[in-house]
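Notes for the structure review
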Amino acid sequence: MRPDDEALIVIDIQNDFCPGGALAVTEGNKIIDRVNGLMDDYHTVVLTQDWHPADHSSFASNHPGHGPFETLTMPYGAQTLWPDHCVQGTTGAEFHPDLRTDPANLIIRKGFRTAIDSYSAFFENDRSTTTGLNGYLSERGIRAVTFVGLATDYCVAYSALDAARLGLRARVLLGACRGIDLGGSLARMTEEMRAAGVALEE
Ligand code: VGL
Ligand code: ZN
């Protein structure tokens, strides 16, 4: 068992991010056995769930003339456009059926505001609108967080960078993550995490 001031944060292991899904991450399903095992080591387990309305501003389909994986400038900065994914209430938004959910103490949904995307488990993409997760963790006395899940270079990396910025000890188990790797994003975000003091382990 890990010390009780540590939490495991499992990012977005949902059908749409696994093979066959709308925004499938290569081998996204391959991490599930390991993640399920890790849950037994932590007193506190948090799952995140990407949870978008159908008219979400990150969907290319809501920007006529633009396609998936293009970048648009939003009021809060640059935003990658994605295929429709993790639409509230759909099968694609459900956790992968092999993922254990019973051990979760908290399930945090993000990206449910039409006008703003949310990669990080802590803050939306304006980097200031909070999800409430930091308050939950601090009230529970959590000082260190370990991240696993999908995708390494988006929701995992943004979450880990925010955790470090918030003064939590942050660790990413890269072998229990898989990346999207859009235009070199995997190398870039891995380097950003390393530079921010996030512990990168296999
Ligand atoms: C994610 C792109 C869009 C992720 C979520 O979970 O990494 N990536 N929405
Ligand atoms: Zn999303």
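Predicted model, so just to flag it, every value in this text is computed and none were measured.

Description of the sheet that holds strand β5 (residues 106–110)
- Spatially, β5-β2-β1-β6-β7-β8 is the arrangement adopted by the six strands of the open sheet, whose pairing is parallel. Only two strands of the sheet have a single neighbouring strand rather than two, namely β5 and β8 (199–201). Here the strands of the sheet are splayed against their neighbours by 25 degrees on average, with no regard to which way each runs.
- As judged from the six bridges shared by strand β1 (residues 6–11) and strand β6 (residues 144–150), these two strands associate in the parallel manner. From the neighbouring strand, Val10 faces β6, where its bridge partner is Val148.
- Lying on the sheet, helix α3 (residues 152–165) is in contact with β1, β6 and β7 (169–178); it crosses β7 at an angle near 170 degrees.

Describing unusual backbone geometry
- With an omega of -15 degrees, the peptide bond running from Leu150 to Ala151 counts as cis.
- Within the fold, Ala151 resides in the loop between β6 and α3.
- Unlike most non-glycine residues, Asp12 shows phi in positive territory, near 50 degrees.
- By secondary structure assignment, the location of Asp12 is in the loop between β1 and α1 (32–38).
- The buried category is assigned to Asp12, around which 30 C-beta atoms lie within 10 Å.
- Phi is positive for Asp181, which is not a glycine, with a value near 55 degrees.

A closer look at the environment of Leu23
- Checked against the element boundaries, Leu23 lands in the loop between β1 and α1.
- For Leu23 and Pro83, which are 60 residues apart along the polypeptide, the C-alpha to C-alpha distance reads 6.5 Å.
- Here Leu23 is in contact with Asp16, Phe17, Trp82, Pro83 and His85, once residues within four sequence places are set aside.

Examining the site of ligand 1
- Inspection of the region around ligand 1 gives Asp12, Phe17, Asp50, Trp82, Tyr119, Leu150, Ala151, Tyr154 and Cys155 as its neighbouring residues.
- Taken together, the residues of the shell around ligand 1 sort by class into seven nonpolar, no polar and two charged.

Here's the deal with the packing of α3 against helix α4 (residues 185–195)
- Relative to each other, α3 and α4 sit at 10 degrees, their axes nearing to 10 Å. If you check the angle between α3 and α4, you find them roughly parallel. Note on packing geometry: the crossing formed by α3 with α4 is left-handed. Packed against α3, whose contacting residues are Thr152, Asp153, Ala157, Ala160 and Leu161, the element α4 presents Ser185, Leu186, Met189, Glu192 and Met193 at the interface.
- When the residues that make up the contact of α3 with α4 are grouped by side-chain class, the tally is six nonpolar, two polar and two charged.

Regarding the pairing of strand β4 (residues 77–80)
- Direction of pairing for strand β3 (residues 71–74) relative to β4: antiparallel, over a ladder of four bridges. Bridge pairing in β4 places Thr73 opposite Ala78.
- Linkage of β3 to β4, two consecutive antiparallel strands, is achieved through a turn of two residues.

A closer look at the nonpolar core
- By size, the foremost hydrophobic cluster in this structure holds 51 residues, and its most contacted members are Ile9, Val10, Val35, Val148, Val156 and Ala160.
- With eight residues, α3 is the single largest residue contributor to this core.
- Filtering out sequence-adjacent residues up to four positions away, Val35 remains in contact with Val10, Ile13, Leu99, Val148 and Ala176.

Concerning the UniProt feature "domain: Isochorismatase-like" (unreviewed entry) in the protein chain
- When the UniProt feature table is mapped to this numbering, "domain: Isochorismatase-like" (unreviewed entry) covers residues 7–194.
- With 20% helix and 22% strand, residues 7–194 has end C-alpha atoms that lie 20 Å from one another.

Notes on α3
- Burial analysis of α3 places twelve of its 14 residues in the buried class, which makes it a mostly covered element.
- Residues of α3 that are buried: Thr152, Asp153, Tyr154, Cys155, Val156, Ala157, Tyr158, Ser159, Ala160, Leu161, Asp162 and Ala163.
- Looking one or two places after α3, you find Gly167, whose phi comes out positive at around 90 degrees.

Parameters and conventions
Residues numbered from 1 in each chain as written. Chains lettered and ligands numbered in written order. Predicted model: local features only at pLDDT ≥ 70, side-chain atom pairs only at ≥ 80, totals over all residues. Pairing = 2+ DSSP bridges. Helix = DSSP H or I, 4+ residues; strand = E, 2+ residues; numbered from the N terminus. Axes fitted to C-alpha atoms, helices over the stretch in contact; angles between N-to-C directions. Contact = placed C-beta atoms within 7 Å. Buried ≥ 20, exposed ≤ 12 C-beta atoms within 10 Å, placed from the backbone. Near = placed C-beta within 6 Å. Nonpolar A, V, L, I, M, F, W, Y, C, P; charged D, E, K, R; others polar. Parallel < 35°, antiparallel > 145°, perpendicular 65-115°, else oblique. Left-handed = near helix turned anticlockwise from the far one by under 90°. Core = buried A, V, L, I, M, F, W, Y, C linked by C-beta atoms within 7 Å. UniProt positions renumbered as here; feature names shortened; annotations may be inferred.

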